[in-house]
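Listed below are the residues making up each chain.
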Amino acid sequence: SVRYVITRAGLYSLSVTHGGLGLNRSSYNFLIKPQVFEPATCAITGTGASKDKNLLTGEAGYKSAVVAGKFVDFDLRLRDRYWNYLWVSLPESDFSIFFEPMQVRYFDTATRAEGVYQWPAQFRNYTMHDSGDANYRIDYVVTTAGNFPLKVRLKDASGSFMDLDKSPYMITVRPDKVHVPSSTAYGKGLQTCGAGLVCSFAIETR
């Protein structure tokens, strides 16, 4: 008997010869299909997915690429453990793509203890475009500025969600240009003042 292993998917032709002569019905044509997806070898690229995995620094691989209220996108390609691209797409319902809250640390002067506030962010618009061959493009809009971990997960055969490629991705969302109707001014200088006195107020741009 003959045993062999092929790791590259594709259409193959196998010839079997003896003494320079081919066996009856040689060669044999057969198809090697990709295996199930492997989370670590899947490829995610694009300005909508940072390449910095350090969730503590808050630094994004594509600085200032994600702007609140503006569309960004990233591409997702599924591959198996041998880096073969899958040929058939998986349903969108098998994916889980979302932002985890930003962790904001603060010191509570009343309790004299450090606390953590969860600053959430959600997609304002989100669309997954399926090419039908395990290639996807994800467009999204987020309107909350901050540093947010973006989770890109896919359900495996056991029903568990697995992080793909380098997920989670730290996404830095910077504010858009100043929107005057949303900005505010406050302070005593807007209410009362006296001649020759220094009066002040603050402007909070948004």
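Going by the structure above, here's the rest.
The text that follows walks through the structure, step by step, so that each part is easy to find. (Residues numbered from 1 in each chain as written. Predicted model: local features only at pLDDT ≥ 70, side-chain atom pairs only at ≥ 80, totals over all residues. Heavy atoms only, no water.)

Applying the stated criterion to the full structure yields 10 aromatic pairs. Ring geometry for Tyr4 against Phe30: centres 6.4 Å apart, planes inclined by 45°, an arrangement best described as tilted. One end of the pair, Tyr4, is in the segment before strand 1 (10-14); the other, Phe30, is in strand 4 (residues 28-32), and 26 residues separate them in sequence. For the ring pair Phe99 and Phe148, a centre distance of 6.1 Å and an interplane angle of 65° mean the geometry is edge-to-face. Taken as a pair, Phe99 in strand 8 (residues 95-99) and Phe148 in strand 13 (residues 146-155) lie far apart in primary sequence, 49 residues in all. Feature note: the residues Phe74, Phe99, Phe123, Tyr126, Tyr140 and Phe148 constitute an aromatic cluster, connected by ring pairs. Stacked on the ring of Tyr85, the Lys or Arg Arg77 has its end atom at 3.6 Å from the ring centre. (Phe/Tyr/Trp six-rings, centres within 6.5 Å; stacked < 30°, edge-to-face > 60°. Helix = DSSP H or I, 4+ residues; strand = E, 2+ residues; numbered from the N terminus. Lys NZ or Arg CZ within 6 Å of the ring centre and 35° of its normal.)

All chains considered together, the criterion is met by one disulfide. Shown here is the disulfide that connects Cys193 with Cys199, its sulfur atoms set 1.2 Å apart. In this structure the cystine formed by Cys193 and Cys199 twists about its S-S bond by roughly 55°; its chirality is therefore right-handed. On the accessibility criterion, Cys193 (47% relative accessible area) is partly exposed. (Disulfide = S-S within 2.5 Å. Buried < 20%, exposed > 50% of the residue type's maximum accessible area, 1.4 Å probe, protein only.)

Within the largest apolar cluster, 30 residues are counted, with the highest numbers of intra-cluster contacts made by Phe74, Leu78, Tyr140, Leu150 and Leu164. At the level of elements, strand 7 (72-77), strand 8, strand 12 (135-142), strand 13 and strand 15 (169-174) are the ones that each hand at least two residues to this core. When near neighbours in sequence (up to four residues on either side) are disregarded, Leu78 contacts Cys42, Asn84, Tyr85, Leu86, Leu90, Phe95, Ala134, Tyr136, Leu154 and Leu164. (Core = buried A, V, L, I, M, F, W, Y, C linked by side-chain atoms within 4.5 Å. Contact = heavy atoms within 4.5 Å.)

The next subject is the pattern of salt bridges. Under the criterion given, the structure shown has five salt bridges. Across the pair Asp139 and Arg137 runs a salt bridge whose closest N-O atoms are separated by 3.2 Å. Between Lys166 and Asp165 there is a salt bridge; the shortest N-O distance is 3.7 Å. Residue Lys166 is classed as partly exposed on the basis of its relative accessible area, which comes to 38%. (Salt bridge = Lys/Arg side-chain N within 4 Å of Asp/Glu carboxyl O.)

One open sheet accounts for four strands, arranged 5-7-12-11; its pairing is antiparallel. This sheet does not close on itself; its edge strands, each paired only once, are strand 5 (43-45) and strand 11 (123-130). Taken over all neighbouring pairs, the strand axes of this sheet differ in orientation by 20° on average, direction set aside. Taken together, the six bridges between strand 7 and strand 12 define a ladder with antiparallel strand orientation. Paired with Asp75 across the strands is Arg137, a residue of strand 12. (Pairing = 2+ DSSP bridges. Axes fitted to C-alpha atoms, helices over the stretch in contact; angles between N-to-C directions.)

What follows deals with the side chain of Ser89. In this structure, Ser89 sits in the loop between strand 7 and strand 8. Within the local environment of Ser89, its side chain forms a polar contact with the backbone nitrogen of Asp133, the two atoms lying 3.2 Å apart. Apart from the residues within four sequence positions on either side, Ser89 is in contact with Asp130, Gly132, Asp133, Ala134, Asn135 and Tyr136. (Polar contact = N/O pair within 3.5 Å; in protein donor to acceptor, adjacent residues only side chain to side chain.)

A few words now on the side chain of Asp165. Residue position: Asp165 is located in the loop between strand 14 (161-163) and strand 15. A distance of 3.0 Å separates a polar side-chain atom of Asp165 from the backbone nitrogen of Ile44.

Assignment of secondary structure puts Tyr12 in strand 1. Tyr12 gets classed as partly exposed once you look at its relative accessible area, which sits at 28%. The sequence separation of Tyr12 and Leu31 amounts to 19 residues, and the corresponding C-alpha distance is 6.2 Å. Ignoring anything within four residues of it in the chain, the contact list for Tyr12 reads Ile6, Tyr28, Asn29, Phe30 and Ile32.

Purely geometric numbers; function is a separate question.
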